[in-house]
Amino acid sequence: MTIANRLRAFIDGKGISYDTVAHHRTSTSRQSAIAAHVPGSILAKSVVVHHELGYTLAVVPSTHRIELGRLQDVMDKRLGLASEDEVVSLFDDCDTGAIPPIGAAYDVPVIVKESLADAADVYFEGGDHRTLVHVSGADFRNLIMGAHQARFSHPAY
């Protein structure tokens, strides 16, 4: 079980307690939820988008897909999905595709689906494809303090 160094330092610096859930290697957040026996509705999935001023981390439940057009409207910016190289440069201590939703640890602003911000418990990728981090909903809200909350996704299945 590995949590990315910057993520661990940020969470520890806030004095937030967490636990980890190990699971077999997965490729998607939906697979991670299944492997870890966690409801997909409270597993935060992170997607990096780019715009003319930089990057934003869009965070939705693993059961959802981002509606890029709606997200553009909410943010009032032209957006595109960040390339793999861009993501690697921003989240250099994380495996590709295992990006935690705690943008403040990486100096990346966050926009979050409001249902996640209201959840009693939240799970998210710890920076590899084998470890989820579990925090209380109150602690998750503390970790994403300042994040914009909005509706910009729809159920994927």
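Residues numbered from 1 in each chain as written. Predicted model: local features only at pLDDT ≥ 70, side-chain atom pairs only at ≥ 80, totals over all residues. Heavy atoms only, no water.

**Focus on the overall build of the protein**
Counted only if it meets this: Helix numbers and strand numbers start at the N terminus; a helix is a DSSP run of H or I with at least 4 residues, a strand a run of E with at least 2. As a reference, a globule follows 2.2 Å times the number of residues to the power 0.38, and the radius of gyration itself is taken over C-alpha atoms. Note on contacts: a residue pair qualifies if any of its non-hydrogen atoms lie within 4.5 Å across the two residues. Residue-level accessible areas treat just the shown protein chains as cover; the underlying method is Shrake-Rupley with a 1.4 Å probe.
The number of helices and strands found in the protein is six helices and 10 strands. Computed over C-alpha atoms, the radius of gyration of the protein comes to 14 Å, within 12% of the 15 Å expected from 2.2 N^0.38 for 157 residues, which places it in the range of a compact globule. Each of the three principal axes of the protein carries a C-alpha extent, and together these read 35 × 30 × 30 Å. For the protein, restricting intrachain contacts to residue pairs at least 6 apart in sequence, the fraction spanning at least 24 positions comes to 68%. For the protein, the exposed surface amounts to about 7,600 Å²; the carbon and sulfur share of it is 48%.

**Re the confidence of the model for the protein**
Stated formally: Each residue carries a pLDDT value, the predictor's own confidence for that position, ranging from 0 to 100.
On average, residues of the protein score 95 in pLDDT, and 99% of them are at 70 or above. Strand β3 (residues 54–61) holds the highest mean pLDDT among the elements of the protein, 98, whereas helix α5 (residues 114–117) holds the lowest, 90.

**Some details on unusual backbone geometry**
Quick note on the threshold: The classification of residues rests on relative accessible area computed with a 1.4 Å probe and restricted to protein chains. Under 20% of the type maximum is buried, over 50% is exposed, and intermediate values are partly exposed.
Even without being a glycine, H37 presents a positive backbone phi close to 60 degrees. Turning to its location among the elements, H37 is positioned in the loop between α2 (29–36) and β2 (43–51). For D76, which is not glycine, the phi torsion reads 55 degrees and is therefore positive. Examined against the element boundaries, D76 turns out to sit in the loop between α3 (68–75) and β5 (80–81). Given a relative accessible area of 68%, D76 falls into the exposed group.

**Structural notes on the layout of surface pockets**
Convention followed: Put simply, the grid is 1 Å and covers the protein atoms alone, a cavity is a trapped set of points that fit a 1.4 Å probe, a pocket is an open set with protein on both sides within 12 Å along at least five of seven lines, and lining residues have an atom within 4 Å of a point. Grid points are joined across faces, edges and corners, and a volume is the space filled by probe spheres set on the points.
In this model, the largest pocket occupies a volume close to 630 Å³. When contributions to the lining of the largest pocket are tallied by element, the ones reaching two or more residues are α2, β2, β4 (64–66) and α4 (84–90). No other element matches the five residues that β2 contributes to the lining of the largest pocket.

**Looking at the pattern of salt bridges**
Let me state the cut-off plainly: Note on definitions: salt bridges are taken to be side-chain nitrogens of Lys or Arg within 4 Å of carboxyl oxygens of Asp or Glu.
Counted by the stated rule, this structure contains three salt bridges. The partner of D92 in a salt bridge is R6, and the shortest N-O contact between them spans 3.6 Å. Here the residue D92 occupies a position in the loop between α4 and β6 (110–113), and R6 occupies one in helix α1 (residues 5–13), the gap between them amounting to 86 residues. One salt-bridge network, in which partners are shared between bridges, spans K113, E114 and R151.

**Considerations on the pairing of strand β8 (residues 131–136)**
We count it as follows: Being paired, for any two strands, means DSSP has found at least two bridges between them.
Within β8, five of the six residues are buried, which leaves it mostly tucked inside the rest of the structure. The pairing of strand β1 (residues 19–22) with β8 spans four bridges and is antiparallel. The partner of V21 across the bridge, within β8, is L132.

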